[in-house]
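In case you want the letters, here they are:
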Amino acid sequence: MVEETFVAPTPQDAYRLAKEKYGEFGVLRLLRARQIKNADGELISEITVEVDEESFLESAGVSEEEELLEEIVSLRSRMQRLKSVMSPATGVSERVSRLFLERGIRSEWIEKILQEVKETSIASDEKLLISYMLETMDEEIEIVKERIGKREIRMLVGPTGVGKTTTIAKLAARYAYGGKKSSKVALVNLDTFRAGAYEQLENFASLLRLEHRYVRSIGDFERTLESLDTYDKILIDSAGTSPYDTGRLIKTIEFIKSVRREDMKISLVIPATAKYHDILDIYEHFSFINPSDIIVTKFDGTRRIGDLIAFLTEKRVPVGYMSTGQQIPDDLEPASRERILELFVGELNV
């Protein structure tokens, strides 16, 4: 429907004008009427009527086909004007954005980078833009250096199935036999929930000829750590918990709070195979424990690590180690920005 306003000295005259224009074309409906003052201060009448679009066009002597043609011509003209003012950087930004989005990088992060280079030559050069984004990633990924020669108590926490126990075995082998200076290593098991958890770690300890203790209570935990005071590295395996299992999480928190020590580190274990929102769920679930760093496992199980990088650049949680396979201890390495970006660049295929 189309609205049109008519002005005349009286309401009757204004309505008569509307009837003269539309009376023969269709139904005329009065919407509103009012009196207003003209430029000379005289009262005049104004009415607004509503008619169907076809009657409006016919009264103007224009067909629907003609109006549609005019709209198409106008639209093409606007598109040409828009195209003429678009910078060459627009196409480059779109291609690079799509490239990174398809590999799991968050759109918010991409937009932030594009805004930084918007008025520079980088924005119009695809290779330069990709390089700039990778350099920014490199700066935003936090790494914690390995401390082989320092005494350390490290507890591994994380969801079930991410490879905590295997990672502990790799760390133990690395500390005890992998470096120039071997460390005296002990293993402690807090997993009182999962059947066979003790046996699995016991087998590792036996193979590596390391001390292994099983803790059943908070009192046991305190006494066990005191008895291992002469060891360089104490690695603690905790119960795996799902984001919905608050019981196990609370139990783990109780163990941690029972021993307040500066040399105790909490490492959150996260699989490289997880999607961004799953990684975020894991991190938020264990944020109450206040992890000091993360260990990323299962790099060998995926070619897509953009989701992981998106998390690392957003939360800036330092990475301690990377697990790239099943071999003990060979497939565990200290984390490095170069290695993470190397895996990401490989999947970019650029």
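The preceding data block contains the structure.
Residues numbered from 1 in each chain as written. Predicted model: local features only at pLDDT ≥ 70, side-chain atom pairs only at ≥ 80, totals over all residues. Heavy atoms only, no water.

Chemist: Explanation requested: the nonpolar core in the structure shown.
Modeler: Most often, soluble globular proteins keep nonpolar side chains buried together rather than apart. Grouped together as the largest cluster of nonpolar side chains are 64 residues, with contacts concentrated most on F100, M137, M155, F221, I236, I294 and F311. Ranked by the residues each element gives to this core, the list is headed by helix α11 (residues 276–286), at six residues. The contact partners of F221, leaving out residues within four places of it in the chain, are M155, L190, V215, I236, F255, S258, V259 and M264. In this structure, I168, Y175, I295 and L332 belong to the second largest nonpolar core, which totals 21 residues. (Core = buried A, V, L, I, M, F, W, Y, C linked by side-chain atoms within 4.5 Å. Buried < 20%, exposed > 50% of the residue type's maximum accessible area, 1.4 Å probe, protein only. Helix = DSSP H or I, 4+ residues; strand = E, 2+ residues; numbered from the N terminus. Contact = heavy atoms within 4.5 Å.)

Chemist: I would appreciate a short explanation of the pairing of strand β10 (residues 319–323) in the present structure.
Modeler: Note on strand geometry: in a regular strand, side chains alternate between the two faces of the sheet. Within β10, five of the five residues are buried, which leaves the element mostly enclosed by the surrounding structure. As judged from the three bridges shared by strand β9 (residues 293–297) and β10, these two strands associate in the parallel manner. By the bridge assignment, I294 is partnered in β10 with V319. With respect to chirality, the unit in which β9 leads through helix α12 (residues 306–315) into the neighbouring parallel β10 is right-handed. Taken together, the three bridges between β10 and strand β11 (residues 332–334) define a ladder with antiparallel strand orientation. In the strand pairing of β11, M322 is matched with E333. (Pairing = 2+ DSSP bridges. Right-handed = clockwise from strand over helix to strand, strands pointing away.)

Chemist: It is not clear to me how a negative patch on the surface should be interpreted in this structure. Could you clarify?
Modeler: Residues D278, D281, E284 and E314 make up a contiguous surface patch of negative charge. Sorting elements by how many residues they give to the negative patch places α11 first, with three residues. Within the secondary structure layout, D281 lies in helix α11. Judged by its relative accessible area of 38%, D281 falls in the partly exposed class. (Patch = residues over 30% accessible without salt bridge, like charges linked within 9 Å, V, L, I, M, F, W, Y side chains within 5 Å. Areas by Shrake-Rupley, 256 points an atom, 1.4 Å probe, with all protein chains shown as cover. Salt bridge = Lys/Arg side-chain N within 4 Å of Asp/Glu carboxyl O. Lys, Arg positive; Asp, Glu negative; His and termini not counted. Charge placed at Lys NZ, Arg CZ, Asp CG, Glu CD.)

Chemist: Honestly, unusual backbone geometry in this entry has me stumped. Any pointers?
Modeler: Among all residues except glycine, the phi angle is most often negative; among peptide bonds, the trans geometry is most common. Positive phi is not limited to glycine here, since K298 has a value of about 65°. Following the sequence through the fold, K298 ends up in the loop between β9 and α12.

Chemist: So what exactly am I meant to see when it comes to the pairing of strand β5 (residues 185–189) here?
Modeler: Most of β5 sits inside the fold, with five of its five residues counted as buried. In β5, alternate side chains face the same way, and those of V185, L187 and N189 on one face and A186 and V188 on the other are all buried. Strand direction decides the pairing type here: β5 and strand β7 (residues 233–237), joined by five bridges, are parallel. Note on β7: the bridge partner recorded for V185 is K233.

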